Amino acid sequence: MRFPNYLCAPLAAMGLTACIGGFETDPLVEYSTEIVVQGEKPQVVARQLRAGTYLIEIRERDIDLRARVDAGAQRSELADAYLRHGLHRTVVSLDAPQTLKVTLASTDQRSWRGAAAVRILRWPKPARDAPPDRRLLGFIALAKGNELVARDSRESWHAAIGPMNEAAEHFRAAHDLRSLAETEYQRGFVEFNLLLDFAAARKSAESAQAHFRAVDDELGATRTSLLLSFAEVNIADELTRDERLASFHVLRARLRKAQEYFDAHEAPSDACEALNLRAMPDGILGDYEQQGRIYAEVLSRARARGDKYYEAVATQNLAYVASRKGEMARAAAMYETALPLIERDRNPDAYATIIANLGQSLIALGDFDRALQLQTEALDVFSARGDDS
């Protein structure tokens, strides 16, 4: 996962389920389990499989993971671009019995604990003269996209869009609207969080939301409403003032509804995400008092559940509010408080944003030497991910 673009900074610095059932070729569940994942120790699931074709599915439960699937000479490393609810899939074909191993490593804060649901599904053997299975081809293409996301380079992230588009076309041809929605959702976050292509992300979000609604997936549709809101906030400067105010009115109502849904369905990380997004229009419009109240609620929620990630996000955002009100010493102190909560190797974008903003505060306070050191370090981190803004 890459850090979402709701962290406050100066503008210049800035449960989904597979559609299994109702198709001519439905895979059968060979094995299913759920395991706890925490800290630095990877968890491994191993299973002896017969010859055949298998769909491997790993679903994050309130934690960010990197997944690796090994079966003999076949190896896949999978990643996503969104927070704590990734859905990783790959296809493994075995010519002979083989041990399949799934390794799950947390990329979240080391103190954070979550879980992963793992399923191994056996794909039916096709008839001799059967046409290519479009759904199976879709999962194969989607896996290629997720493997490219895992390579952590801007070139590979751009390359991931091609197989994700291919996967979407296969699912559309197979009338698998749920898998189509999931693919569009994944692609939208690659476009938003990794490629910073907000217009493309908005288009993907609108399509994904329509398809989630078509299969009555309320959780998927609600999560997609956050992606849509992320994209719309980031292109708001292209609107006239009246258009922006009208857009923010719709966005606030959408996010309030999303937050209420997440609170009612025990999805606290999603609820914090919705809250953070709710504060962004207030900051753009200069209502820092209201923005600060929302971030204070995020901070309270994060501390109540021991979530250092969202505690760092809220603390840094409250520091930004203080800086916008001219309280530079208070802002610098809050940035300093947020910094130890974020691990650079786990959340480099968050770390870089915090030290960049701390550097700006220190410039205002006259500490130019440390400010230069922090700004240089932040630039190095942002440049490494291809973010030149």
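What you are looking at is a predicted structure, and each value in this text was computed from that prediction instead of being measured. (Residues numbered from 1 in each chain as written. Predicted model: local features only at pLDDT ≥ 70, side-chain atom pairs only at ≥ 80, totals over all residues. Heavy atoms only, no water.)

1. Things to note about the packing of helix α2 (residues 154-173) against helix α3 (residues 177-194)
Applicable threshold: Axis lines are fitted to C-alpha atoms, over the contacting stretch for helices. Their N-to-C directions set the angle, which ranges from 0 to 180 degrees. Runs of H or I in DSSP of at least four residues are treated as helices and runs of E of at least two as strands, each being numbered from the N terminus. Relative orientations are named as follows: roughly parallel for angles under 35 degrees, roughly antiparallel for angles over 145 degrees, roughly perpendicular for angles from 65 to 115 degrees, and oblique for any other angle. Rotating anticlockwise by less than a right angle from the far helix to the near helix defines a left-handed crossing, while the corresponding clockwise rotation defines a right-handed one. Any two residues whose heavy atoms approach within 4.5 Å at even a single point are treated as in contact. Polarity classes work like this: nonpolar for Ala, Val, Leu, Ile, Met, Phe, Trp, Tyr, Cys and Pro, charged for Asp, Glu, Lys and Arg, and polar for all others, with Gly in that last group.
Relative to each other, α2 and α3 sit at 160°, their axes nearing to 9 Å. One element, α2, and the other, α3, form an angle in the roughly antiparallel class. Read as a crossing pair, α2 and α3 show a hand that is left-handed. Contact residues: α2 offers Arg154, Trp157, Ile161, Met164, Asn165, Ala167, Ala168, Phe171 and Arg172, while α3 offers Ser179, Leu180, Thr183, Glu184, Gln186, Arg187, Val190, Glu191 and Leu194. Grouping the amino acids of the contact of α2 with α3 by side-chain chemistry returns 9 nonpolar, 4 polar and 5 charged.

2. Structural notes on helix α12 (residues 368-384)
Stated precisely, the cut-off is as follows: For a helix, the expected span equals 1.5 Å multiplied by the residue count minus one. When accessible area is computed with a 1.4 Å probe and restricted to protein chains, residues below 20% of their type maximum are described as buried, those above 50% as exposed, and intermediate ones as partly exposed. It is the directions from the helix axis to the C-beta atoms that the arc portrays.
Given a rise of 1.5 Å per residue, 17 residues ought to cover 24 Å, and the 24 Å separating the end C-alpha atoms of α12 matches this to within 8%. Looking only at α12, the buried set comprises Ala371, Leu374, Ala378, Val381 and Phe382. Buried residues along α12 cover an arc of 95° about the axis, so they all sit on one side. In α12, the exposed positions angled more than 90 degrees off the buried face are occupied by Phe368, Asp369, Leu372, Gln373, Leu379 and Ala384. Buried residues in α12 make contact with α11 (348-365).

3. Quick notes on the packing of helix α10 (residues 328-338) against α11
Orientation of α10 relative to α11, taken along the N-to-C sense of each, is 150°, at an axis distance of 9 Å. Relative to α11, the element α10 lies roughly antiparallel. In this structure, α10 meets α11 at a crossing whose hand is left-handed. Where α10 abuts α11, its residues Met328, Ala329, Ala331, Ala332, Tyr335, Glu336 and Ala338 lie against Ile354, Asn357, Leu358, Ser361, Leu362, Ala364 and Leu365. Per-class residue counts for the contact of α10 with α11 are 11 nonpolar, 2 polar and 1 charged.

4. Brief notes about helix α1 (residues 134-149)
This is how it is decided: Here a polar contact is recorded for every N or O atom pair within 3.5 Å, except that within protein the pair must consist of a potential hydrogen donor and a potential acceptor, and residues adjacent in sequence are included only if both atoms are side-chain atoms.
End to end, α1 covers 23 Å across 16 residues, agreeing with the expected 22 Å (1.5 Å per residue, within 8%). All of the buried residues in α1 are Arg135, Leu136, Gly138, Phe139, Ala141, Leu142, Ala143, Gly145, Asn146, Leu148 and Val149. Packed against the buried residues of α1 are β3 (52-61), β5 (74-78), β6 (87-94), β8 (113-123), α2 and α3. Its side-chain oxygen placed 3.0 Å from the backbone nitrogen of arginine 135, aspartate 133 serves as the N-cap of α1.

5. What about the sheet that holds β6?
Hydrogen bonding along the main chain pairs the strands of a sheet, whether they run parallel or antiparallel. The condition is simple: When DSSP finds two or more bridges between a pair of strands, those strands are recorded as paired.
The sheet built from 4 strands is open, its strands ordered β1-β8-β3-β6 with antiparallel pairing. A single partner strand is all that each edge strand has here, and the edge strands are β1 (28-38) and β6. On average, adjacent strands in this sheet sit at an angle of 15° to one another, irrespective of strand direction. Two elements, β1 and β8, share 10 bridges in a ladder whose sense is antiparallel. Counterpart to valine 36 in the pairing with β8 is alanine 115.

6. Re a nonpolar patch on the surface
Applied cut-off: A patch consists of residues whose relative accessible area exceeds 30% and which take part in no salt bridge; residues with like charges are grouped when within 9 Å of each other, and nonpolar side chains (Val, Leu, Ile, Met, Phe, Trp, Tyr) when within 5 Å. Only the protein chains shown count as cover for residues, and the accessible areas themselves come from Shrake-Rupley with a 1.4 Å probe. The rule for a salt bridge is simple: a side-chain nitrogen of Lys or Arg has to be within 4 Å of a carboxyl oxygen of Asp or Glu.
On the surface, a nonpolar cluster with roughly 220 Å² of combined accessible area is contributed by Leu245, Ile284 and Leu285. Along the chain, isoleucine 284 falls in helix α7 (residues 268-284). Take isoleucine 284: its relative accessible area is 42%, and that puts it in the partly exposed class.

7. A short note on the environment of arginine 66
Tracing the backbone through its elements, the reader meets arginine 66 in strand β4 (residues 65-71). It is 5.5 Å that separates the C-alpha atoms of arginine 66 and alanine 79, two residues lying 13 residues apart in sequence. Setting aside chain neighbours within four positions, we find arginine 66 in contact with Glu77, Leu78, Ala79, Thr103, Leu104, Ala105, Thr107, Ala150 and Asp152. Among the polar contacts listed, one links the side chain of arginine 66 to the backbone oxygen of alanine 150, at a separation of 3.0 Å.

8. Quick look at the packing of aromatic side chains
So the rule is basically this: Pairing of aromatic rings covers Phe, Tyr and Trp, the last through its six-membered ring, and needs centres within 6.5 Å; plane angles under 30 degrees mean stacked, over 60 mean edge-to-face, and all others mean tilted.
By the definition in use, this model includes 11 aromatic pairs. A ring pair is formed by tyrosine 82 and phenylalanine 189, whose centres lie 5.4 Å apart and whose planes are at 35°; its orientation type is tilted. Taken together, the residues tyrosine 82 in the loop between β5 and β6 and phenylalanine 189 in helix α3 connect sequence positions 107 residues apart. Here tyrosine 82 and phenylalanine 189 have matching classes, each one buried. Seen from their ring centres, phenylalanine 139 and phenylalanine 171 are 4.9 Å apart, and the 65° between their planes marks the pair as edge-to-face. Linking phenylalanine 139 in helix α1 with phenylalanine 171 in helix α2, this pair joins segments that are 32 residues apart in sequence. Connected via pairs of aromatic rings, a cluster forms that spans Tyr82, Tyr185, Phe189, Phe192, Phe198, Phe212 and Phe230.

9. Some points on the sheet that holds strand β2 (residues 43-49)
Taken in spatial order, the 4 strands make up an open sheet running β2-β7-β4-β5, and their pairing is antiparallel. The outermost strands of the open sheet, each flanked by one partner alone, are β2 and β5. This sheet shows a mean twist of 10° between the axes of neighbouring strands, independent of strand direction.

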